[in-house]
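The primary structure of each chain is shown beneath.
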Amino acid sequence: MGAGDGIEETADLLRELGALSTEEARVRGVEPEWLAELEARRRAITVRIAGEERWAAVEDAARLRDALGTGLPAWLSQGPDVREDLAAPDVFAGRTFAGTAAAFASPVADPLGDLVSRYARTHGPFTADDVAARLGLGRAVAAGALRALAGSGRVVEGEFRPVETAGRGGTAPRAGKTEWCDAEVLRRLRRRSISRLRREVEPVPPRALARFVPAWQHVAAPDPADPGSGGGLRGPDAVFTAVESLRGAPVPASALESLVLPARVPGYSPVLLDELTLAGEVLWAGAGPMAGNDGWVCLVPADEAGVLLPERAEVELSPVHEAVLAALREGGALFFRDIADRVVRGEGAAAASDAGLVSALWDLAWAGWVANDTLAPLRSLLGAGGTTHRSRSRRPVMPTRTGPPTVAGRWWVLPEREADPTLRWHANAAALLDRYGVVTRGSVVAERRADERAKPPAPNRQAPVLAAVGRGEETRGGTGWNGGRREVSSPRVPGGFSALYPVLRGFEEAGKARRGYFVDGLGAAQFALPGAVDRLRSLGAAPTAGAGRGAPLVLAAADPANVYGAALPWPRTSESGARPGRKAGALVVIDGGDLVLYLERGGRTALTFGSPTESLARAAAALAGMVRAGRLAALTVERADGEPVFGTVLEGALASAGFHSTPKGLRLRS
């Protein structure tokens, strides 16, 4: 570097960093003669700050004088008189110009704020003591200047460094001690920290995600010696924790209390969930009907209902629907007979029969308009027909004087949904991160597929069926609860991954989540909670055989804990007919993160994905344990990988687990 370039860069350095000592300038590559040359040209001055001689840019003269009381050289202190000296040809040798003293000695608006702001711009997180020591100020004066800058958004107050960290030339932060940082510097630090964290994370194989998500959601296989065992939580608090994890996620109503919640709460009993709904802590909402009296339902904590409940379906409201809604909107939660009385008063006795009102209530419930203060009517409905996931405990229901059991309890209108989409996306992004730990495009799309929600038919088309349900009779075949209605595979929730991506990026920038390539083969758009990354990486190695592998998990295919068909693709199968799907009634068996077995509704068709014999034997034993524990009513496996089950490798595994032969296939009853 030439002397001329060095002098110019030294001048820039003083303007950018502020006053420097000769040694501080030297470590930055500045030669002492360059500083002397700048002083000779009247572009730099020597001042004394905090008891130390330093070099400062002449542009800072007024700031140093007015903020710190620093003495200035005589040529600046003389003010206008210096112009007389400029006339002499031997003074300054033409290195300055007329009016220099007046220009650089003129007061500025906020001299102290300028000096403190520059210190913040050129340092990482610091304390008020650091500024006071550097500028020779009292701590209270420095703190007051920093608070003024914070009020204008130029600096940020907080605790940014670990307690044991000390900045070079600064003081070590103490627990609870306020630190300061320039707003733009803090943004740069966060961006660089995020980039470093991304580089630190090596992707894990997809199998690790299939092991991680159930563990993250406290899902565990039951102990054969204790059928009531399962996940790591217990009691009412465990149910609420499970609801928080599942909040907003649609699950089949028939699987909710037979498979989904028992997998997370050992010894689960319906009374535990009813206790929370009756207390107003948890709400449930329908999110679309399915065949066989079944439907999609969501559970949410009451304080998040407005932002997490699915959008109401667009339905064609008949006069009966309108009358039911009007009765409920008059205020309060009403029993069925109270609803019927209000409808009769408003519309006349001939307006609707009990069967018509039952039909209207459930149309509105599945569409997300109304709900009950317990799940008792939903359980009665599931027990009245051929639902997809049937457990041993369900019994036919009988009518009562207050109305059919399928509409027992108090009904009320669900809260209005939040109109601001940003708030809804923010809440959904937070729920997804809490639920999965690691969020990928597939996991978002699985919950938010844009399948058309079916519109409920007119009440008279359902009246015969609902009358049978009200009498406690079972309905079979295509004339079930969903007769004449198209079944949907998942409820519609506004906003897919593209809508949530900016929100997840905001979480990353705020330090609430990380973005990176955590799971191999799933793309770079993956977001994870900080605590989830290390736990995911700990599961990256293939599980060992024996006790370290853990028992296989039997899950509903639509359970959020099952990542196959969502975050992960389904494994290839040799069978050309059946295809796995996240359908109501289907089951999956996951062993050590590998998908070993897939069963269609009732187990009639099985897919083994080429699993080895040992894995199939473990999967069959896990299925038999679920049936014997009462979580599944019965299983009858008729075909395996497109062929009759007899003579296949799966036959031996099922037979060893206790399945017995029938003319159609292998069966096990609870």
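Residues numbered from 1 in each chain as written. Predicted model: local features only at pLDDT ≥ 70, side-chain atom pairs only at ≥ 80, totals over all residues. Heavy atoms only, no water.

Engineer: Any chance you could explain the pairing of strand β4 (residues 179-182) here in plain terms?
Structural biologist: A regular strand carries its side chains on alternate faces of the sheet. Residues of β4 alternate between two faces, with Glu 179 and Cys 181 on one and Trp 180 and Asp 182 on the opposite face, all of them buried. Bridge analysis of strand β3 (residues 155-158) against β4 gives 4 bridges, and the strand direction is antiparallel. Residue pairing across strands places Val 155 opposite Asp 182, the latter belonging to β4. (Buried < 20%, exposed > 50% of the residue type's maximum accessible area, 1.4 Å probe, protein only. Helix = DSSP H or I, 4+ residues; strand = E, 2+ residues; numbered from the N terminus. Pairing = 2+ DSSP bridges.)

Engineer: Can you help me understand the packing of aromatic side chains in this one?
Structural biologist: Any two aromatic rings considered together are summarised by their centre-to-centre distance and by the angle between their planes. Counting across every chain of the model gives 8 aromatic pairs. Relative to Trp 216, the ring of Phe 212 has its centre 5.4 Å away and its plane inclined at 35°; by these criteria the two rings are tilted. Here the residue Phe 212 and the residue Trp 216 both occupy positions in helix α12 (residues 206-216), the gap between them amounting to 4 residues, near one helical turn. An identical accessibility class is assigned to Phe 212 and Trp 216; each is buried. (Phe/Tyr/Trp six-rings, centres within 6.5 Å; stacked < 30°, edge-to-face > 60°.)

Engineer: Would you mind going over the sheet that holds strand β12 (residues 514-516) with me for this structure?
Structural biologist: In any sheet, the strands associate via hydrogen bonds between backbone groups, in a parallel or an antiparallel arrangement. Read across the sheet, 3 strands follow the order β11-β13-β12 without closing on themselves; strand pairing throughout is antiparallel. Two strands lie at the open edges of the sheet, namely β11 (438-439) and β12, each paired on one side alone.

Engineer: Mind showing me how you'd approach the side chain of Asn 562 here?
Structural biologist: The topology assignment puts Asn 562 in the loop between β14 (553-556) and β15 (587-591). There is a polar contact of 2.9 Å between the side chain of Asn 562 and the backbone oxygen of Ala 557. (Polar contact = N/O pair within 3.5 Å; in protein donor to acceptor, adjacent residues only side chain to side chain.)

Engineer: Looking at this structure, I do not really get the sheet that holds β15. What am I missing?
Structural biologist: With mixed pairing, 6 strands are arranged side by side in an open sheet as β14-β15-β16-β17-β19-β20. Here the strands that pair on one side only, and so sit at the sheet edges, are β14 and β20 (643-644). Bridge count between β14 and β15: 4 bridges; the pairing is antiparallel. By the bridge assignment for β15, Ala 556 is matched with Leu 587. Against the sheet, helix α26 (residues 613-628) engages β14, β15 and β16 (594-599), with an angle of about 55° to β16. (Contact = heavy atoms within 4.5 Å. Axes fitted to C-alpha atoms, helices over the stretch in contact; angles between N-to-C directions.)

Engineer: Please explain helix α17 (residues 319-329) as it appears in this structure.
Structural biologist: Owing to its 3.6 residues per turn, the α-helix brings residues three or four apart onto one side. Residues of α17 that are buried include every one of Val 320, His 321, Ala 323, Val 324, Leu 325, Ala 327 and Leu 328, and no others. A positive phi of about 120° marks Gly 331, the residue just after α17.

Engineer: What is the right way to look at the side chain of Thr 636 in this model?
Structural biologist: Considering the arrangement of structural elements, one finds Thr 636 in strand β18 (residues 634-637). Given the relative accessible area of 14%, Thr 636 is considered buried. Of the polar contacts made by the side chain of Thr 636, one reaches the side chain of Arg 667; its length is 3.2 Å. Ignoring sequence-local partners within four residues, the contact set of Thr 636 consists of Gly 602, Gly 603, Arg 604, Leu 666 and Arg 667.

Engineer: Is there a simple way to explain the nonpolar core in this structure?
Structural biologist: One broad rule of soluble globular proteins: the nonpolar side chains tend to lie buried together. In this structure, Leu 273, Val 324, Ile 339, Trp 362, Val 370, Trp 411 and Leu 597 are the most contacted members of the largest nonpolar core, which totals 92 residues. Counting 48 residues, the second largest nonpolar core, distinct from the first, contains Ala 208, Leu 500, Phe 518 and Leu 555. (Core = buried A, V, L, I, M, F, W, Y, C linked by side-chain atoms within 4.5 Å.)

Engineer: Help me out: how do you make sense of the environment of Pro 319 in this one?
Structural biologist: With respect to the helices, strands and loops of the structure, Pro 319 is situated in helix α17. Separated by 41 residues in the primary sequence, Pro 319 and Ala 360 place their C-alpha atoms 9.8 Å from one another.

Engineer: Just checking my understanding: could you explain the environment of Asp 182 for this structure?
Structural biologist: Here Asp 182 lies in strand β4. Residue classification places Asp 182 among the buried positions, given a relative accessible area of 8%. Excluding residues that lie within four positions of it along the chain, Asp 182 makes contacts with Ala 120, Arg 121, Arg 154 and Val 155. A polar contact of 3.0 Å, which involves the side chain of Asp 182, links it to the backbone nitrogen of Glu 184.

Engineer: Explain the pairing of strand β10 (residues 410-413) to me, please; I cannot follow it from the model alone.
Structural biologist: By the alternation rule, side chains of β10 split into Trp 411 and Val 413, which are all buried, and Arg 410 and Trp 412, of which none is buried. By the bridge criterion, 2 bridges tie strand β8 (residues 334-335) to β10 in an arrangement that is antiparallel. Residue pairing for β10: Phe 335 is matched across the bridge by Arg 410. Sheet analysis places strand β9 (residues 370-372) next to β10, joined by 3 bridges and oriented antiparallel. Bridged to Val 370 within β10 is Val 413.

Engineer: Would you mind going over the pattern of salt bridges with me for this structure?
Structural biologist: When charged atoms on two side chains of opposite charge get close, those side chains can pair. The tally for this structure, following the rule as stated, stands at 32 salt bridges. The shortest N-O distance in the salt bridge between Glu 304 and Arg 247 comes to 3.3 Å. Pair noted here: Glu 304 is in the loop between β7 (295-301) and α16 (305-308) and Arg 247 is in the loop between α13 (235-246) and β5 (251-252), with a separation of 57 residues, a long-range link. Overall, the relative accessible area of 7% leaves Arg 247 in the buried class. Between Asp 373 and Arg 410 there is a salt bridge whose closest N-O contact spans 2.7 Å. On the criterion of sequence distance, the pair formed by Asp 373 in the loop between β9 and α20 (376-384) and Arg 410 in strand β10 is long-range, its members being 37 residues apart. Judged by relative accessible area, which is 10%, Asp 373 ranks as buried. Judged by relative accessible area, Arg 410 falls into the partly exposed class, the value being 33%. Salt bridges sharing partners connect three or more residues here, namely Asp 60, Arg 63, Asp 114 and Arg 118. (Salt bridge = Lys/Arg side-chain N within 4 Å of Asp/Glu carboxyl O.)

Engineer: What should I look at first to understand the confidence of the model for the protein in this one?
Structural biologist: If pLDDT is low for a region, its predicted coordinates should not be looked at in detail. Looking at the protein, the pLDDT average stands at 82 and 80% of residues meet or exceed 70. The model gives residues 80-96 a pLDDT under 50, and that stretch makes 16 contacts with residues more than four places away or in other chains. Scored below 50 in pLDDT, residues 393-399 shows 20 contacts in the model against residues more than four places distant or in partner chains. (pLDDT = per-residue confidence, 0-100.)

Engineer: Any chance you could explain α13 here in plain terms?
Structural biologist: Here α13 is 12 residues long and its end C-alpha atoms lie 17 Å apart, about the 16 Å a rise of 1.5 Å per residue gives. When α13 is considered as a whole, its buried residues turn out to be Ala 238, Val 239, Ala 242, Val 243, Ser 245 and Leu 246. The buried residues of α13 occupy one face: seen down the axis, they fall within an arc of 160°. Of the surrounding elements, those touching the buried residues of α13 are α14 (253-264), α15 (270-278), β6 (282-289), β7 and α21 (421-436). The positive-phi residue at the C-terminal boundary of α13 is Gly 248, with phi of around 85°. (Expected span 1.5 Å × (residues − 1). Arc of directions from axis to C-beta.)

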